[in-house]
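Listed here are the chains, written in short residue letters.
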Amino acid sequence: MKVWIWILSWLFYLPAFAQSMSEVTTDSLRAIVMEHSINSNWIEAAKVSNMIANSFRRTNLIDSAERYFEQSLKFSLQANDQSLIANNYYELGRITYQPRGLLDSASALLQKALAASQSVGDGQLAADIYFMLGAMTSKKGDLFSSLSNYQLALPLYEKNQDSTGIADVYNSMGILYSKREDFEKSLEFHGKAMEIERSLNNFQGLAINHNNQGLAYKKMGDYENSLNQYRRGLQLEKKDNFPLIRSAILNNIGNVFELRKLYDSALFYQRESLKIARSIGFNEAIGWANKGIASVYLTYGNLDQAISYGTTGYEIGVKTNTRDLSKQSSEILHKAYARKRDFQRAYLYLSLFKQHSDSLLNAETIKRTAELEYEYANEQSNRIQALELQAQEALYLSQINEQKKIRNQVVVGLILMVVVLGVMWIGYWQKRKVNKELEEKNRIISDQAMNLERLNETKDRFFSIVSHDLRGPMAIFNGFSFMVKTLLEERRYEKLEKFSDEVGKVAKQMSQLLDNLLSWALKQQGEFPYNPERLNLKECVDENLTIFNSMATSKKIELKSDVLPTSSVWADKNSLMTIIRNLISNSLKFTEPNGKIRIHCGKDEDQIAIKFSDSGVGIPTEKLDSIFNFQENKTSIGTKGEKGVGLGLKLVHDFVKLNKGEIKVESEKKQGTTFTVLLPPPIG
């Protein structure tokens, strides 16, 4: 963006003018200013003050630069030189916007600069002002005003044949359309900008456009293309060594890795981004990097670090008036404090998150309110004039007919009474509405607190069960190397083969347990994907039979499927495979050696019925009602000592419901068990 190019120019670029400045000291220039001001030579005094201000700005001495631009403005106003006035207001607006981040004050200064530039016909300066106003209104979340300002800047740049300005406008419009989720137009404008940047051989501009295209692809969910764009941007940045662009791209790469759940990589890139941002002292980049690091720590469960970095990100967002940064940081802080059970701070940041999320709506509301206030003021003015006219007529008519005067007074009194009653009625309803909103917010907070408490209890129970049931397999693995070495030394190879078979069984049990744990965790977070499609049931069953054939053979169990090749269901494949896998595993666990397991498929009214029947030990009647519940101390032991936590059947039940189905169980002790899964038939 053009604004970024300006900012970076302040930090890194010293034009040839700086060389000539080295020959004339600042003290001598101050003396020249003093001499011109004594002689009332205001224009020359303004020009030299402006030169001093620019030298300070280029060396990043912002306070000194601002002081001399203000002095130059005072002299140019004294001389009434509109060109110098426009330039000084513009430079003060730039400083107030970046690095100070005072958008409203900057906007007021730029409006004055715009008026002065238009009075002298300076189209180039007017274009730069419109461009900066567009960047500022975009930052405030007012996308409509931002787009209007860019559209005003574009024809002025085209008239002046300013290719860099045109490219910057196209790039900024691409960013706006990305924010509005119109990605087709966003990529179109970025493409136009890049064509111009290539013709200018502008590596910095190309790097910025690749970064912004990466943002668009990220919002589209196309992470591969997003990362490709960021990598190209980094390659181009290396040619010109543009640290701020590098910091921004590294931050965005970290965000993509976080979305792809590669959290270690995400943390690495965010830290690299923060290191560069701190080295150049650019607050907004520092804020985004802190936000990124906080988000990763929140995922890790390192709540104190998440709060520390998140607070820094939020404070910088407020300081620089970057509402999106404030919004995202407040969301992280809300979640972190909620997990720490600090509900007061959690609610505070939830309120701030909603406030920043509604900023666009608030901006439109304020705009509409201003219009309504204007209409109301006009109406009141017209009404006052009408009342004055009525009063004059009443005074005149009173001399003719006293009764008409009394009648008019009564009418006015009634109107005032109606107005007063109307105002009271509106006030009553507004108060009632506010009370309802407060009640609703209190209810939401209460529900959130209850949900957090419930989730925490479930988590504690879950971890206690998992730690208990993983301890046995892990103990076997811990002693595996020692046992192998001992058996090899003693040359007891037949024992080694038997031991390896046992380890293999434990590994399979542990693998299935971990698969179930992952599925359970995803479903608890609401992140388990549900993509129903037409599935060939025989293929799904056969694929799982392949997995369990060796286990069935080792227990001398006949495992057979009667599912026909034409049998199909409408379901999500991942969850269906989990259902089949857990029910087969459950049957194998509780079926005695030389037993049988059969998988059948048929129709039950308008549903597809899949039956898993075994000749196992059966389920006691008193346990049938709670068989699908996930409870502590529910560990069950199979016919060969296999252990389970009850998580498999809980997953089966939940995933059947996820696929719009139903599950039934029939069992008789020592006679076997039949699980019947009812799923929808294929659509069409």
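Look a little higher up for the structure.
Presented here is an overview of the structure given in this document. (Residues numbered from 1 in each chain as written. Predicted model: local features only at pLDDT ≥ 70, side-chain atom pairs only at ≥ 80, totals over all residues. Heavy atoms only, no water.)

## Some remarks on the pattern of salt bridges
The condition that has to hold: Salt bridge, as used here, is a side-chain nitrogen of Lys or Arg placed within 4 Å of a carboxyl oxygen of Asp or Glu. Per the convention used, a helix needs a DSSP run of H or I reaching at least four residues, while a strand needs a run of E reaching at least two, with both numbered from the N terminus. Buried, partly exposed and exposed residues are distinguished by accessible area as a fraction of the type maximum, computed with a 1.4 Å probe on protein chains only: under 20%, between the cut-offs, and over 50%, respectively.
Under the counting rule described, the total for this entry stands at 13 salt bridges. The salt bridge partner of Lys-335 is Glu-331, with a shortest N-O separation of 3.7 Å. A residue pair is termed a helical-turn pair when its members lie 3 or 4 positions apart in one helix, as Lys-335 and Glu-331 do in helix H18 (residues 323-339) at four residues. Here Glu-331 falls in the partly exposed class, since its relative accessible area comes to 29%. One salt bridge in this structure joins Lys-538 and Asp-542, with 3.3 Å as the shortest N-O distance.

## Let's talk about a nonpolar patch on the surface
Quick note on the threshold: Patch membership is restricted to residues that have no salt bridge and whose relative accessible area is over 30%. Joining uses 9 Å for like charges and 5 Å for the nonpolar side chains Val, Leu, Ile, Met, Phe, Trp and Tyr. Computed with a 1.4 Å probe, the accessible areas rest on the Shrake-Rupley method; for each residue, only the protein chains presented here act as cover.
A contiguous nonpolar surface patch, about 680 Å² in accessible area, is contributed by Ile-406, Val-410, Leu-414, Met-417, Val-420, Leu-421 and Met-424. Tracing the sequence through the fold places Met-417 in helix H21 (residues 402-490). On the accessibility criterion, Met-417 (49% relative accessible area) is partly exposed.

## Quick word on the nonpolar core
Looking at soluble globular proteins, one finds that nonpolar side chains tend to be buried together. Just so we agree on the cut-off: Here, nonpolar core refers to any group of buried Ala, Val, Leu, Ile, Met, Phe, Trp, Tyr and Cys residues whose side-chain atoms link them within 4.5 Å. Any two residues having at least one pair of non-hydrogen atoms within 4.5 Å are treated as being in contact.
If you look at the biggest cluster of nonpolar residues, it comprises 55 residues, and the most contacted ones within it are Ile-129 and Val-169. Excluding its chain neighbours within four sequence positions, the residues that come into contact with Ile-129 are Tyr-90, Leu-110, Ala-113, Leu-114 and Ser-117.

## Concerning the sheet that holds strand E2 (residues 558-561)
So the rule is basically this: Two strands are said to pair when DSSP picks up at least two bridges between them. With axes taken as lines fitted to C-alpha atoms, and helix axes fitted only over the stretch in contact, angles between N-to-C directions fall between 0 and 180 degrees.
Across the sheet, five strands lie side by side as E2-E4-E5-E9-E8; this open sheet has mixed pairing. Here the strands that pair on one side only, and so sit at the sheet edges, are E2 and strand E8 (662-668). Going from strand to strand, the sheet's axes swing by 15° on average, the running direction of each strand aside. Sheet topology note: the strand E5 (residues 607-614)/strand E9 (residues 672-679) ladder contains seven bridges and is antiparallel. Within E9, the position partnered with Asp-614 by the bridge is Thr-673. Taken strand by strand, helix H23 (residues 537-554) contacts E2, strand E4 (596-604) and E5, and its axis lies near 170° from that of E2. Relative to E8, helix H26 (residues 647-658) is tilted by about 140°, and along the sheet it contacts E8 and E9.

## Description of the pairing of E5
With respect to burial, E5 is a largely interior element, seven of its eight residues being buried. The turn linking E4 back onto E5 is made up of two residues, and Glu-605 within it adopts a positive phi angle of 55°.

## As for the packing of aromatic side chains
How we decide: Each aromatic pair joins two rings of Phe, Tyr and Trp (for Trp, the six-membered one) with centres within 6.5 Å, and gets the label stacked for planes under 30 degrees apart, edge-to-face for over 60, and tilted for any other angle.
All told, the structure shown has 15 aromatic pairs when counted by the stated rule. A ring pair is formed by Tyr-177 and Phe-189, whose centres lie 5.5 Å apart and whose planes are at 5°; its orientation type is stacked. Highlighted residues: Tyr-177 in helix H10 (residues 163-179) and Phe-189 in helix H11 (residues 183-200), separated in sequence by 12 residues. Tyr-177 gets classed as buried once you look at its relative accessible area, which sits at 10%.

## Details of helix H15 (residues 263-280)
Basically, it comes down to this: Multiplying 1.5 Å by the helix residue count minus one yields the expected span of that helix.
Between its first and last C-alpha atoms H15 spans 26 Å; for 18 residues at 1.5 Å apiece the expected length is 26 Å, and the two agree. What H15 keeps buried is the set Ala-266, Leu-267, Gln-270, Ser-273, Leu-274, Ile-276, Ala-277 and Ile-280. Looking one or two residues beyond H15, the residue adopting positive phi is Gly-281, at roughly 70°.

## Let's talk about the packing of helix H12 (residues 203-220) against helix H14 (residues 243-259)
What counts is decided by this rule: Convention used here: angles under 35 degrees read as roughly parallel, angles over 145 as roughly antiparallel, angles from 65 to 115 as roughly perpendicular, and any remaining angle as oblique. If you view the pair so one helix is near and one far, a crossing is left-handed when the near helix is turned anticlockwise from the far one by less than a right angle, and right-handed when it is turned clockwise. All amino acids are sorted into three groups, where Ala, Val, Leu, Ile, Met, Phe, Trp, Tyr, Cys and Pro are nonpolar, Asp, Glu, Lys and Arg are charged, and the leftover types, Gly among them, are polar.
Their axes nearest at 10 Å, the elements H12 and H14 cross at an angle of 20°. Between H12 and H14, the crossing angle belongs to the class labelled roughly parallel. Here H12 and H14 pass one another in a crossing that is left-handed. Residues Gln-204, Ala-207, Ile-208, Asn-211, Leu-215 and Lys-218 of H12 form the contact with H14, whose own contacting residues are Ile-245, Ala-248, Ile-249, Asn-252, Asn-255, Val-256 and Leu-259. Here the contact of H12 with H14 is composed, by residue class, of eight nonpolar, four polar and one charged.

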